[in-house]
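Tertiary structure, described
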Amino acid sequence: MTGRHPVGTAVREALTEQPDLHMFCTYQQDDLVGLFGADRMVRLPIAENAMVGMAVGMALVGRRVLVSIARVAFLFTALDPLVNQATKWRYMSDGQFSVPLVIRGLTRGDEHLGAQHEHHAHSMLSQIPGLVVAVPGSPNSAAGLLSTALRHPDPVVVLESPRLYTPDWARLPEPEPTAAPLPFGVAGRALAGGDLTLVGIGNTVALCLRAARRLADHGLRCQVVDLRTAAPLDRDGTAGLVAGNGPVVLVDEEPRTASLLADLGLHLVQVGAVEPDRLAVVCGAPVPAPVSPALLAPLLPTVDDVTATALALTRPRYATPRPD
Amino acid sequence: MQLSTAYRTMLRIRLLEEKIIDCADRNEIVGFIHPYTGQEAVAVGVLAARWPDEWVVSFYRCHGHAVAAGVPLDGIVREVLGRAGGLCGGKGGSMHLADRDRYFLGASSIVGSQLPVAAGVAMAERNADAGRATVVFCGDGALGTGVSFETLTIAATLGLPLLLVCEDNGWQDHTRSDLVRHRTPAELVAGLGIGHRTVDGNDVEAVHRAAGELLARCRRDRRPQVLVAATYLRHYHAQVGGARPAEYRPAAEVAHWAARDPIDLAAARLDLSTDQRNQEHADVAREIDEVFAAAAAAGAPDPATATTNVTVTPGGLR
Ligand SMILES: Cc1ncc(C[n+]2csc(CCOP(=O)(O)OP(=O)(O)O)c2C)c(N)n1
């Protein structure tokens, strides 16, 4: 995969296909203005609150808006139109209105921008009823999830790690073979393997793939599951994938107390997909993002953490009695 | 304010920033930098007019504000380079400098968010009744945010001694301000009925005089005031990683402002000879080189400090 980023292609295709689709941004891309005109590619001041609110209004009367919010950090200045408006109108009006709105924003990953700019938000946003929260783990899944979002009838936030846009994005671990639209609420298998399962979301999908490679050196064949959307979260699909597939390690960069994956673990145990002592959760620390790399390193799960946890889980359960 | 002192401070900011840009080019800086080159006269002129115990609230383009507020270079450089001994322990970085000892309250990297924070400080100061004002800096793009108007309305209604310094460099990131705003910052503020002055932001003496008058009014009348300083960035909006952004502004505009450099203007007014300027330059460059050398030798902050100064959820870290 080289050349144009698949997300750019997905955006252009949707704009071509849907004349009622608009884009709001503070920083305009000239090529898109040239293709689609300034009425559809709307340049706005730094006013995210008004921007999201206006997108709700446009959407209520039949347009569709893609808001490029740049960073999820800036979406926090626009939570009222997201939480109180965008996600409520279809329900409140008993279906008379709907709000097909998509917000794209960068989360965090290797940029060292500090506590105000670097956020994971998938668990927090997944608490808002009526909102789809897509968390792509690779450039192709970002395009696939965005394509679906741009045709979805309700508000969607697509949380993209800046890692997906690094200059060497084409060489990232790429579990999705194509940029084809991906359904919401359906976890995918990023790697097949029968000895144990690693479950990731967003950045941790690549982390799980790297850990799987390491574990292969220990003779273990790992399955890696990519959750793809935090809301809806594919509890039953994941249970189906992990059942009978050995121990399970759930990996999230968000803190344990907020992590959706910890809750998913409870579900997996309750439905009997995994035994309680064959399940582990590896999470990030409940600490804001520091700028200095030396400080950041101990706060996020690493390949070592995942590998060590997996190895501990796959050890024989009962020590064989020592012959006297 | 002594012009020679102001000149020296502007030069310290300029050479500090140029050295930071060099480091960024070599990929030695983590995260964003937003250089202040070209706008030095604003920070230096304004902060020479504040009382030393008046709070200063800044934003991500904060290195120059910090230097002008008297923050030691060593702490700034270590913080920007992510080294041990940084002003904020390596947690804040380039965009979030803060120094309580110098009443430098800190810098927010969310555009506009510093305004209500500063108004809160101004309210506390008004209630303390010591006659102190509060200074807050922002770019002209920040006046696109709703919260800036909310803040100014509240500050006017409550009578808060707040000086808002709007550094109008005509751009907000890669977007020209007049493409997204139909009125100048001064017109917007005038519409709110708030006292304001527009000043040549590259003339440190003019900035200083205007800031002095507005600060006196803030303190005496307990009213918000706005200083709009027309200025320009010599380099660019921001850099992250080793590659500088390509020039995005018209060449004629860049050249126009380059010919009105605030440091050159001050040197001309001081009637400095080329030799004197070279000497000043060499002195400041030596100071800055020493600071960078010490920072480079300092090593990384202790990873154990990553979890200090935050309430961690009971039950441990991970
Ligand atoms: C709420 C918010 N939206 C967007 C951004 C991204 N951003 C950072 S700086 C900037 C431009 C700000 O321009 P201006 O206020 O004029 O200040 P300048 O950088 O020119 O000094 C933008 C859009 C941000 N940091 N915060």
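If you look chain B up in an unreviewed UniProt entry, it shows as Thiamine pyrophosphate-dependent dehydrogenase E1 component subunit alpha from Micromonospora cathayae. The annotation that UniProt attaches to chain B under Cofactor (unreviewed entry) is "thiamine diphosphate".

As annotated in an unreviewed UniProt entry, chain A is Transketolase C-terminal domain-containing protein from Micromonospora cathayae. UniProt annotates chain A under Cofactor (unreviewed entry) with the comment "thiamine diphosphate".

1. Some remarks on the overall build of chain A
Within chain A, the regular secondary structure consists of 13 helices and 12 strands. Relative to a compact globule of 324 residues, whose C-alpha radius of gyration would be 20 Å, chain A shows 21 Å and is just as compact. For chain A, the C-alpha atoms occupy an extent of roughly 85 × 45 × 35 Å along the three principal directions. Within chain A, buried positions represent 58% of all 324 residues. The long-range share in chain A, meaning contacts at least 24 apart out of those at least 6 apart in sequence, stands at 78%. Carbon and sulfur atoms form 54% of the exposed surface of chain A, whose accessible area is close to 13,100 Å².

2. Observations regarding empty space enclosed by the protein
All names here are of chain A. The final tally for this structure, using the stated rule, is 3 cavities of 30 Å³ or more. Taken as a whole, the largest cavity holds about 90 Å³ of empty space. As for the largest cavity, its lining consists of 14 residues, of which His120, His122, Val135, Gly202 and Asn203 are closest to the centre. Elements supplying a minimum of two residues to the lining of the largest cavity: strand S6 (156-160), helix H9 (203-217) and strand S11 (248-255).

3. As for the interface of chain B and chain A
The partner chain A presents 36 residues to the 38 residues of chain B that form the contact. Between chain B and chain A, roughly 2,800 Å² of surface is buried when both sides are summed, and carbon and sulfur atoms account for 66% of that area. Our enumeration of links across chain B and chain A arrives at 0 salt bridges. The tally of links from chain B across to chain A stands at 10 residue pairs in polar contact (both at pLDDT 80 or more). By residue class, the composition of the side of chain B that touches chain A is 16 nonpolar, 19 polar and 3 charged.

4. Topic: the sheet that holds strand S4 (residues 101-106) of chain A
Residues and elements named next belong to chain A. Ordered by their spatial adjacency, 7 strands build an open sheet running S2-S1-S3-S4-S6-S5-S10, and the pairing between neighbours is mixed. The outermost strands of the open sheet, each flanked by one partner alone, are strand S2 (41-43) and strand S10 (229-231). On average, each strand axis in the sheet is tilted by 20 degrees relative to the strand beside it, whichever way the strands run. Running at roughly 165 degrees to S6, helix H8 (residues 139-149) makes contact with strand S3 (64-71), S4, strand S5 (132-134), S6 and S10 of the sheet.

5. Considering the side chain of Ser141(A)
All names here are of chain A. Among the structural elements, Ser141 can be located in helix H8. By relative accessible area, Ser141 is classed as buried at 0%. Reaching out from Ser141, the side chain makes a polar contact with the backbone nitrogen of Gly137 at a distance of 3.3 Å. Ser141 has contacts with Pro136, Glu176, Leu182 and Asp226, leaving out every residue within four places of it along the chain.

6. Some remarks on unusual backbone geometry
Following Ala231(A), the chain continues to Pro232(A) via a peptide bond in cis, the omega torsion being -5 degrees. Among the secondary structure elements, Pro232(A) is positioned in the loop between S10 and helix H10 (235-242). Phi at Asn27(B) is positive, roughly 65 degrees, even though this residue is not glycine. Residue classification places Asn27(B) among the exposed positions, given a relative accessible area of 53%. A positive phi angle, close to 60 degrees, is found at Asp271(B), a residue other than glycine. The topology assignment puts Asp271(B) in the loop between helix H10 (262-270) and helix H11 (274-297).

Quick notes on the rules
Residues numbered from 1 in each chain as written. Chains lettered and ligands numbered in written order. Predicted model: local features only at pLDDT ≥ 70, side-chain atom pairs only at ≥ 80, totals over all residues. Heavy atoms only, no water. UniProt positions renumbered as here; feature names shortened; annotations may be inferred. Helix = DSSP H or I, 4+ residues; strand = E, 2+ residues; numbered from the N terminus. Rg over C-alpha atoms; globule rule 2.2 N^0.38 Å. Buried < 20%, exposed > 50% of the residue type's maximum accessible area, 1.4 Å probe, protein only. Contact = heavy atoms within 4.5 Å. Areas by Shrake-Rupley, 256 points an atom, 1.4 Å probe, with all protein chains shown as cover. 1 Å grid on protein atoms, 1.4 Å probe; cavity = no way out; pocket = protein on both sides within 12 Å on 5 of 7 lines; lining within 4 Å. Points joined across faces, edges and corners; volume = space filled by probe spheres on them. Buried area = accessible area lost by both parts, 1.4 Å probe. Salt bridge = Lys/Arg side-chain N within 4 Å of Asp/Glu carboxyl O. Polar contact = N/O pair within 3.5 Å; in protein donor to acceptor, adjacent residues only side chain to side chain. Nonpolar A, V, L, I, M, F, W, Y, C, P; charged D, E, K, R; others polar. Pairing = 2+ DSSP bridges. Axes fitted to C-alpha atoms, helices over the stretch in contact; angles between N-to-C directions.

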